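Chains, contacts and geometry: an overview
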Amino acid sequence: MIKKILPTIIFVFLLLIGFTAYNYWRASKPFVYAGTLETTKVIVSSKVASDIINFPVEEGDTVEKGDLLLEMSCDSYKVLSHQIDNDYQRAVALLQKGHISQAQFDVLERNKQDNDLKLEWCKVNAPINGVIITKFREEGEIVGQGSSLVSIANPYDIWTYFYVPHDELYRLRVGQKIIGYLPEAQGKTFVGKILKINEEAEFTPKNVQTREERTRLVYGVKVKFNNEDLMLKAGMTIE
């Protein structure tokens, strides 16, 4: 009897050993995926319609938050400002004498505040620290309200999405540090941190490059990398 079941016992035992060895190999194998780097980019638009009279920055220039990017003439707003200021001063005197109501005065005051704000918008300042990526306009051009003027990217805020299959997600968590490297830079490594793991699966994006065979459904994992030496650039592939 024992001789009859011994082969079965041996087979089951070997199967368990093989399954355990496979799981150990799978858990210990390197986690290698690749993603295309991106930076946080801001497009600065005009809040008023006017002509550009001063555009001192060029593509590639480094700017700090608050630096002047460009200045517009705003001649129409300046002419209107003189009239509004005169009307406002008269309204102050009339209100004190009781010749106009508070509601009438409030309308004139709002007009003045609105025009003063538009005059402030004639000087466009950098909203973030970064590098000028694109100048959409040039000095002398007339721009409309909402027109794109420049784009600024922060080269220190660089990140990518890796797309990971479901059966690899258990190895990842938000806040976890990972190591990325550039093969073309002699394998130089960069410390990254997982910022986000998408909760819903999606089809693999067409531009994704992985070392493993492409998986139909994957989860996006956003990783931000330390880029103090500015070696990482938008568009590079990091593994």
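Observations regarding the overall build of the protein chain
Each helix and strand counted, the protein chain has three helices and 14 strands in total. The 239 residues of the protein chain split such that 33% are buried. Here the analysis covers contacts within the protein chain between residues at least 6 apart in sequence; of these, 72% occur between residues at least 24 apart.

A few points about the side chain of Asn-115
Relative to the helices and strands, Asn-115 is located in helix H3 (residues 102–120). Engagement of the side chain of Asn-115 in a polar contact is seen with the backbone oxygen of Tyr-77, the distance being 3.2 Å. Non-local contacts of Asn-115, meaning those with residues more than four positions away in its chain, are made with Tyr-77, Leu-80, Ser-81 and Ile-84.

A short note on the packing of aromatic side chains
In this structure the tally under the stated criterion is four aromatic pairs. Taking the centre distance of 5.6 Å and the plane angle of 35 degrees together, the rings of Tyr-88 and Phe-105 count as tilted. Taken as a pair, Tyr-88 in helix H2 (residues 75–97) and Phe-105 in helix H3 lie far apart in primary sequence, 17 residues in all. In terms of burial, Tyr-88 and Phe-105 fall into one category: buried. Between Phe-162 and Phe-225, the aromatic rings sit 6.5 Å apart at their centres with planes inclined by 85 degrees, giving edge-to-face as the arrangement. A residue pair is termed long-range when its members are at least 10 positions apart, and Phe-162 in strand E9 (residues 148–164) and Phe-225 in strand E13 (residues 217–225) qualify at 63 residues.

Some details on the nonpolar core
Of all hydrophobic cores here, the largest spans 19 residues; its most connected members are Val-63, Leu-69, Met-72, Val-124 and Ile-152. Within the residue set of this core, elements represented by two or more residues are strand E5 (68–72) and E9. One finds Tyr-33, Leu-37, Val-164 and Val-223 within the second-largest nonpolar core, a separate group that totals 18 residues.

Considerations on H2
Over its 23 residues, H2 runs 34 Å from end to end, which matches the ideal 33 Å to within 8%, given 1.5 Å per residue. All of the buried residues in H2 are Tyr-77, Ser-81, Ile-84, Tyr-88 and Ala-91. Those residues of H2 hidden inside the fold are in contact with H3. Two residues or fewer past H2, Gly-98 is found with a positive phi of approximately 80 degrees.

Here we look at the packing of H2 against H3
Where H2 contacts H3, the two axes come as close as 9 Å, and the packing angle between them is 150 degrees. When the axis of H2 is compared with that of H3, the two are roughly antiparallel. In this structure, the crossing between H2 and H3 has a hand that is left-handed. Residues Tyr-77, Lys-78, Leu-80, Ser-81, Ile-84, Asp-85, Asp-87, Tyr-88, Ala-91, Val-92 and Leu-95 of H2 touch H3, and the partners they reach there are Gln-102, Phe-105, Leu-108, Glu-109, Asn-111, Lys-112, Asn-115, Lys-118 and Leu-119. When grouped by side-chain class, the residues that make up the contact of H2 with H3 number 10 nonpolar, four polar and six charged.

Observations concerning the confidence of the model for the protein chain
When pLDDT drops low, the exact placement of atoms in the prediction is not to be read closely. Taken residue by residue, the protein chain gives an average pLDDT of 84. The fraction at 70 or more is 82%. Of the regions scoring below 50 in pLDDT, residues 11–16 engages in zero contacts with residues more than four places distant in sequence or in other chains. When the criterion is pLDDT under 50, residues 18–29 qualifies, and its contacts beyond four places in sequence or with other chains add up to six contacts.

So, the sheet that holds strand E6 (residues 123–125)
Strand order in the open sheet formed by four strands is E6-E5-E3-E8, with antiparallel pairing between adjacent strands. Each edge of the sheet is formed by a strand with only one pairing partner; in this case those strands are E6 and strand E8 (142–143). Sheet topology places E5 next to E6; three bridges connect them, and they run antiparallel. Opposite Glu-71, over in E6, you have Lys-123 as the bridge partner.

Cut-offs applied
Residues numbered from 1 in each chain as written. Predicted model: local features only at pLDDT ≥ 70, side-chain atom pairs only at ≥ 80, totals over all residues. Heavy atoms only, no water. Helix = DSSP H or I, 4+ residues; strand = E, 2+ residues; numbered from the N terminus. Buried < 20%, exposed > 50% of the residue type's maximum accessible area, 1.4 Å probe, protein only. Contact = heavy atoms within 4.5 Å. Polar contact = N/O pair within 3.5 Å; in protein donor to acceptor, adjacent residues only side chain to side chain. Phe/Tyr/Trp six-rings, centres within 6.5 Å; stacked < 30°, edge-to-face > 60°. Core = buried A, V, L, I, M, F, W, Y, C linked by side-chain atoms within 4.5 Å. Expected span 1.5 Å × (residues − 1). Axes fitted to C-alpha atoms, helices over the stretch in contact; angles between N-to-C directions. Parallel < 35°, antiparallel > 145°, perpendicular 65-115°, else oblique. Left-handed = near helix turned anticlockwise from the far one by under 90°. Nonpolar A, V, L, I, M, F, W, Y, C, P; charged D, E, K, R; others polar. pLDDT = per-residue confidence, 0-100. Pairing = 2+ DSSP bridges.

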